[in-house]
Amino acid sequence: MKVVVLGAGIVGVSTAWYLLEQGHEVTVVDRQPDAALETSFANGAQISVSFCEPWAHPDAPLKVLKWLARDDSPLLFRPRLDPWQWRWGLAFLTQCTDGAFERNVQQLVALGRYSHESLKGLVAQTGIEYHRLERGILHFFGSQKDLEAGAAGAEVMRRHGVDRRVLSREEVLKVEPALASYGSRIAGGTYTPGDESGDARVFTQELARRCIARGARFLFGHGVDGLAQEGGRIASARVRELATGRTMALQADAYVAAMGSYTAPLLRPLGVHLNIYPAKGYSATLKLRQPERASVVSMIDDARKIAISRLGDQVRIAGTAELAGYDTGLDSATSRVRCQALVKRYEEIFPGVADASEPNFWTGLRPSTPTNIPYIGRSKLGNLWVNAGHGTLGWTHGAGSGRALAELISGKRPALEFGFYGERPASAWASVHRTLVPGA
Ligand SMILES: Cc1cc2nc3c(=O)[nH]c(=O)nc-3n(C[C@H](O)[C@H](O)[C@H](O)COP(=O)(O)OP(=O)(O)OC[C@H]3O[C@@H](n4cnc5c(N)ncnc54)[C@H](O)[C@@H]3O)c2cc1C
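The written sequence of each chain sets the order in which its residues are numbered from 1. Only residues with pLDDT of 70 or above have their local features reported here, since the model is predicted, and side-chain atom pairs are shown and tallied only from 80 upward, although totals for entire chains, interfaces and linings are computed over all residues. Side-chain metrics in this entry use all non-hydrogen atoms of the structure; hydrogen atoms and water are not considered.

Asker: Where do I start with the side chain of Thr 263 in this structure?
Answerer: Runs of E in the DSSP output that reach at least two residues are strands. Runs of H or I that reach at least four are helices, and both are numbered from the N terminus. Topologically, Thr 263 is positioned in helix 8 (residues 263-267). Residue classification places Thr 263 among the buried positions, given a relative accessible area of 0%. Polar contact is the term for a pair of N or O atoms within 3.5 Å; when the atoms are in protein, one must be able to donate a hydrogen and the other to accept it, and sequence-neighboring residues count only if both atoms are side-chain atoms. At 3.0 Å, the side chain of Thr 263 and the backbone nitrogen of Met 259 are in polar contact. A distance of 2.8 Å separates a polar atom in the side chain of Thr 263 from the backbone oxygen of Gly 260. Residue contacts follow a heavy-atom distance rule, with two residues in contact if any of their heavy atoms lie within 4.5 Å. Once you skip the residues sitting within four places of it in the chain, Thr 263 turns out to touch Ala 257, Ala 258, Leu 274, Val 386 and Ala 388. When accessible area is computed with a 1.4 Å probe and restricted to protein chains, residues below 20% of their type maximum are described as buried, those above 50% as exposed, and intermediate ones as partly exposed.

Here it is, written out as structure tokens:
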């Protein structure tokens, strides 16, 4: 089959790779000059199979309310006159129950496991090097109360078969001795030895090269303007070469929409309503001055909800989320506060270890769904497939999502228990939405 993949982030490129594996002819379209130049560019670097709890949790609404007024809060909701933002927010609230949380965790763990296995296989097959560190993820807490909450969370995850251990302060320092000078302010932690970290951009770009070597065509610098529909199917993708303005209609047997946060607005005119909303996040990448004193285990600092990952001779500090539309600027007062807070926090924990004078700041839009569960599967338009909405975990779930979708397109059943889009039972919210938006 001829398949056109729209989007060359981690999800689109992984899909392309596995489609090639299934023997398809693949064309990938992206507006950027290379793969992984948008949300997959400088994320937290964590392959976080075991730290995968969705944001929607019974305690979340109160926390979000408390954080509303703080520019440096981990999750910032900026209400706008945007019906899609409100639709997302309301659906998010429906997920803040114990039952929904458990269900969502089960799905995320299943996808995470499948994806990790897929990623390992892919790395073994291709030999791609991307500053991979198989050292687990360490979540550390500053107070006994937070540690107890973390231990309760670990218990929930263990029920889903996840190996998440509760550690004393001494055990935390044994896992990551680089924390020693900050140790007196750590109450303890939780640790998932099976998790890992690595550079998503390097990996994705290398995988794209290997796809090209296997015969895939990549149309970089090409914007997707829309999809033309005929008789309940997609007839072509309207694509524009950005340098020349030249347009073309790409025809294929199947189309995969993997454009991160932009997937929802692209598909809306076709009556395909995905509840994906961008959650802006930030990262700072610093060059290490004293690599021997820097951490090697990927970490989550619970107090600030930030990830710290070692990438060769650099460190990446990433986190925070702002539900405020599609703006990717770094110049607003809020953005400056958020970026500086990342560097300041790193300096507090690891004083003098990195060169904080020239931070490389970045922002990206997590393609977030209210459940944190991505849309992977077939839309109501028979030859239009979706692989989008990976939110906080697109690097973790990229390989498995690509493999699962390529299998579905090839008429095979992926070996995981997962509610694929187009197959999963409609949520209560989806029924309400269908009433409000007939044909959705
Ligand atoms: C601060 C931060 C930290 C994160 N940390 C982690 C982490 O530690 N672990 C983890 O697993 N995940 C993490 N994530 C999430 C992860 O980065 C994303 O889920 C993932 O990158 C999404 O990949 P994607 O391929 O769906 O989207 P993208 O990488 O955004 O790819 C979509 C592609 O579509 C293209 N595109 C969009 N619109 C058009 C158009 N109209 N025409 C042509 N091309 C178009 C874009 O150019 C882009 O290349 C983090 C995210 C952020 C923001």
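Asker: Help me out: how do you make sense of helix 10 (residues 394-409) in this one?
Answerer: Every α-helix winds through 3.6 residues per turn, so residues three or four apart in the chain are directed the same way. Bend is computed residue by residue as the angle between axes fitted to the seven residues ending at the residue and the seven residues starting at it. Of all the bends found along helix 10, the most pronounced is centred on Gly 400 and spans about 30 degrees. Across the 16 residues of helix 10, 15 count as buried, placing the element largely inside the fold. Immediately downstream of helix 10, the backbone of Gly 411 shows phi near 75 degrees, a positive value.

Asker: So what exactly am I meant to see when it comes to the side chain of Arg 164 here?
Answerer: Mapped onto the elements of the fold, Arg 164 is located in the loop between helix 5 (144-159) and strand 6 (165-168). Here Arg 164 falls in the buried class, since its relative accessible area comes to 3%. In contact with Arg 164, other than residues within four places in its own chain, are Ser 50, Phe 51, Cys 52, Glu 53, Gly 153, Ala 154, Met 157, Arg 158, Thr 190, Tyr 191 and Thr 192.

Asker: Sorry, what's going on with the environment of Gln 229 here?
Answerer: Looking at the secondary structure, you find Gln 229 in strand 10 (residues 222-230). Classification of Gln 229 as partly exposed rests on a relative accessible area of 40%. Separated by 188 residues in sequence, Gln 229 and Glu 417 have C-alpha atoms that sit 32 Å apart.

Asker: Got a minute to help me understand the pattern of salt bridges in this structure?
Answerer: Should the charged atoms of two oppositely charged side chains come close, the side chains can pair. For salt bridges, the criterion is a side-chain nitrogen of Lys or Arg within 4 Å of an Asp or Glu carboxyl oxygen. According to the stated counting rule, one finds 22 salt bridges in the structure shown. With a shortest N-O distance of 2.6 Å, Arg 214 and Glu 21 are connected by a salt bridge. With a gap of 193 residues between them, Arg 214 in the loop between helix 7 (200-213) and strand 9 (217-219) and Glu 21 in helix 1 (residues 10-21) connect regions that are remote in the sequence. Judged by its relative accessible area of 36%, Glu 21 falls in the partly exposed class. A salt bridge links Arg 289 to Asp 355; the shortest N-O distance between them is 3.6 Å. Taken together, the positions of Arg 289 in the loop between strand 14 (277-287) and strand 15 (298-301) and Asp 355 in the loop between helix 9 (333-349) and strand 18 (360-368) put the pair 66 residues apart, joining distant regions of the chain.

Asker: What's the story with the sheet that holds strand 13 (residues 254-257) in this structure? I'm lost.
Answerer: Sheets are built from strands that pair by backbone hydrogen bonding, the pairs being arranged parallel or antiparallel. With mixed pairing, six strands are arranged side by side in an open sheet as 9-2-1-13-20-19. Among the strands making up the open sheet, the edge pair consists of strand 9 and strand 19 (375-378). Geometrically, the sheet is characterised by an average inter-axis angle of 15 degrees between neighbouring strands, direction not taken into account. In this analysis, strands are considered paired if DSSP registers two or more bridges between them. Pairing of strand 2 (residues 25-29) with strand 9 involves three bridges; the strand directions are parallel. When the bridges of strand 9 are listed, Thr 27 appears paired with Arg 217. Angles here are taken between N-to-C directions and fall from 0 to 180 degrees, while the axes themselves are lines fitted to C-alpha atoms, restricted in helices to the stretch in contact. Of the strands in this sheet, strand 13, strand 19 and strand 20 (384-388) are in contact with helix 10, which crosses strand 20 at around 170 degrees.

Asker: Could you clarify how one ought to interpret the sheet that holds strand 12 (residues 247-250) in this entry?
Answerer: Strand order in this open sheet of three strands is 10-11-12, and the pairing throughout is antiparallel. Looking at the sheet topology across the chains shown, the edges are occupied by strand 10 and strand 12. This sheet shows a mean twist of 25 degrees between the axes of neighbouring strands, independent of strand direction. In this structure, strand 11 (residues 233-241) lies alongside strand 12, joined through four bridges in antiparallel fashion. Residue pairing across strands places Arg 238 opposite Ala 249, the latter belonging to strand 12.

Asker: Can you help me understand the packing of aromatic side chains in this one?
Answerer: The geometry of an aromatic ring pair comes down to the distance between the two centres and the angle between the two planes. The aromatic pairing rule takes the rings of Phe, Tyr and Trp, using the six-membered ring of Trp, and pairs them if the centres are within 6.5 Å, calling planes under 30 degrees apart stacked, those over 60 edge-to-face and the rest tilted. Enumeration over the complete set of coordinates arrives at eleven aromatic pairs. Look at Tyr 130 and Trp 395: their rings are 5.7 Å apart centre to centre, the planes differ by 80 degrees, and that puts the pair in the edge-to-face class. With Tyr 130 in the loop between helix 4 (98-126) and strand 5 (137-141) and Trp 395 in helix 10, this pair connects stretches of sequence that are 265 residues apart. Owing to a relative accessible area of 2%, Tyr 130 belongs among the buried residues under this scheme. Accessibility expressed as a relative area gives 5% for Trp 395, which makes it buried. Each ring, one from Tyr 375 and one from Tyr 421, has its centre 5.1 Å from the other, and the planes form 85 degrees; the classification is edge-to-face. Within this pair, whereas Tyr 375 is found in strand 19, its partner Tyr 421 is found in the loop between helix 10 and helix 11 (428-436), the two being separated by 46 residues in sequence.

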